[in-house]
Amino acid sequence: MNSIFTEENLLAFTTAARFASFSKAAVELGLTTSAISYTIKRMETGLDVVLFNRNTRSIELTESGFYFYRKATDLLNDFHAIKRGIDTISQGIEARVRICINQLLYTPRHTARLLQVLKKQFPTCHITVTTEVYNGVWDSIINNQANIAVGAPDTLLDGGGIDYTDIGAIRWVFAIAPDHPLAFMPQPISESQLRLYPNIMVEDTAHTLNKKVGWLLHGQEAILVPDFNTKCQCQILGEGIGFLPEYMVSDAVAEGLLIIRTIHNPRQDSRMLLATQHAATGQVTQWIKKQFKPGGVLAEIYADLLYTLNSE
């Protein structure tokens, strides 16, 4: 029976089913009608079912034939996908690329745009996206859970067979609810005043590397939340204080939900890197590296989240 499931046999069967005619299928495939008829009969014998009801003018799929048509179509699609995959791999296009994005740069809109341009450029490449916080990004690529890290922090730059390049920086602002007690304090606000209120923090997701603490004063209470959007909402509600990415608070500030204040010893800008495995030489990886350079497609996608360090 195994010889029944060849690409040629499945193509003959599905084409006959699609045209409801052996003769039309023969014309479409450049074969004789008798060759199509013989192939179908041989398949029916091997499967021990009738695939078509036949009369002098037409053919019609039986219930078994309709089921087999759906499965045969799936098999043909698999054949074609395997061929395309082999062809693209032979051209240096990776079969799979795993991308880890720093949560500071992760938004549904930006990630969807990233996937859109990658799938358009490399339709056969299977792409997966994960997100981590701070050194969790480095953890992901060092432990081979990701091939590419978008927005790796500049806390780990040497060793490990990793290549990296600057893609910009995150600018932080101290943002609080307009009715928060600190909103009425003279600026810059002192550390002794800041310590009185809890800091909303997103915890580093690193498992094998040391966890990084974004901003926390000695003796200050910390409230841990899973992501920066939650942190932003907590600060809008006045449940705590802290620094947020400038791009993230712009709408809330415009709507009067947050206000920006200056403090002593503000948080420094965070340099973001594009990191890749040194051994990753495939076309997808190289294209991503190129397109994150100034003027590249991916640099443009993330331009509203990052600013260029050397432009200041």
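The structure this text deals with has already been given above.
Notes on the structure in this doc start here. (Residues numbered from 1 in each chain as written. Predicted model: local features only at pLDDT ≥ 70, side-chain atom pairs only at ≥ 80, totals over all residues. Heavy atoms only, no water.)

1. Points about the sheet that holds strand 3 (residues 96-102)
Which entries qualify depends on this criterion: We treat two strands as partners when DSSP finds at least two bridges between them. The secondary structure listing takes helices from DSSP runs of H or I that are at least 4 residues long and strands from runs of E that are at least 2 residues long, numbered from the N terminus. Fitted lines through C-alpha atoms give the axes, limited to the stretch in contact for helices. The angle between two N-to-C directions lies from 0 to 180 degrees. Any two residues whose heavy atoms approach within 4.5 Å at even a single point are treated as in contact.
Overall, mixed pairing links the five strands, which are arranged 4-3-5-12-6 in an open sheet. Pairing within the sheet leaves two strands with one partner each, and these edge strands are strand 4 (126-132) and strand 6 (162-170). On average, adjacent strands in this sheet sit at an angle of 25° to one another, irrespective of strand direction. Across the face of the sheet, helix 5 (residues 108-121) comes into contact with strand 3 and strand 4 while running at roughly 155° to strand 4.

2. Examining the packing of aromatic side chains
Convention followed: Classification of ring pairs uses Phe, Tyr and Trp, with its six-membered ring standing for Trp, and accepts pairs whose centres are within 6.5 Å; under 30 degrees between planes counts as stacked, over 60 as edge-to-face, and the remaining range as tilted. Categorising residues by exposure relies on relative accessible area from a 1.4 Å probe, with only protein chains included: less than 20% of the type maximum marks a residue as buried, more than 50% marks it as exposed, and the intermediate range marks it as partly exposed.
Summed over all chains, the structure comprises 11 aromatic pairs. Consider the rings of Phe13 and Phe52, whose centres lie 5.5 Å apart with planes at 55°: the pair is tilted. A residue pair is termed long-range when its members are at least 10 positions apart, and Phe13 in helix 1 (residues 7-19) and Phe52 in strand 1 (residues 52-54) qualify at 39 residues. Exposure class is identical for Phe13 and Phe52. Each is buried. With a centroid separation of 6.1 Å and an interplanar angle of 45°, the aromatic rings of Trp172 and Phe228 are classed as tilted. Taken together, the residues Trp172 in strand 7 (residues 172-176) and Phe228 in helix 8 (residues 228-236) connect sequence positions 56 residues apart. Trp172 gets classed as buried once you look at its relative accessible area, which sits at 6%. Among the aromatic residues, ring-to-ring pairing joins Phe5, Phe13, Phe22, Phe52 and Phe68 into one connected group.

3. Digging into the pairing of strand 5 (residues 148-153)
Counting buried positions along strand 5 yields six of six residues, so the element is predominantly enclosed. Note: strand 3 against strand 5, three bridges, orientation parallel. Bridging across to strand 5, Ile101 finds its partner in Val150. In terms of strand pairing, strand 5 meets strand 12 (residues 270-277) through five bridges, oriented antiparallel. By the bridge assignment for strand 12, Val150 is matched with Leu274.

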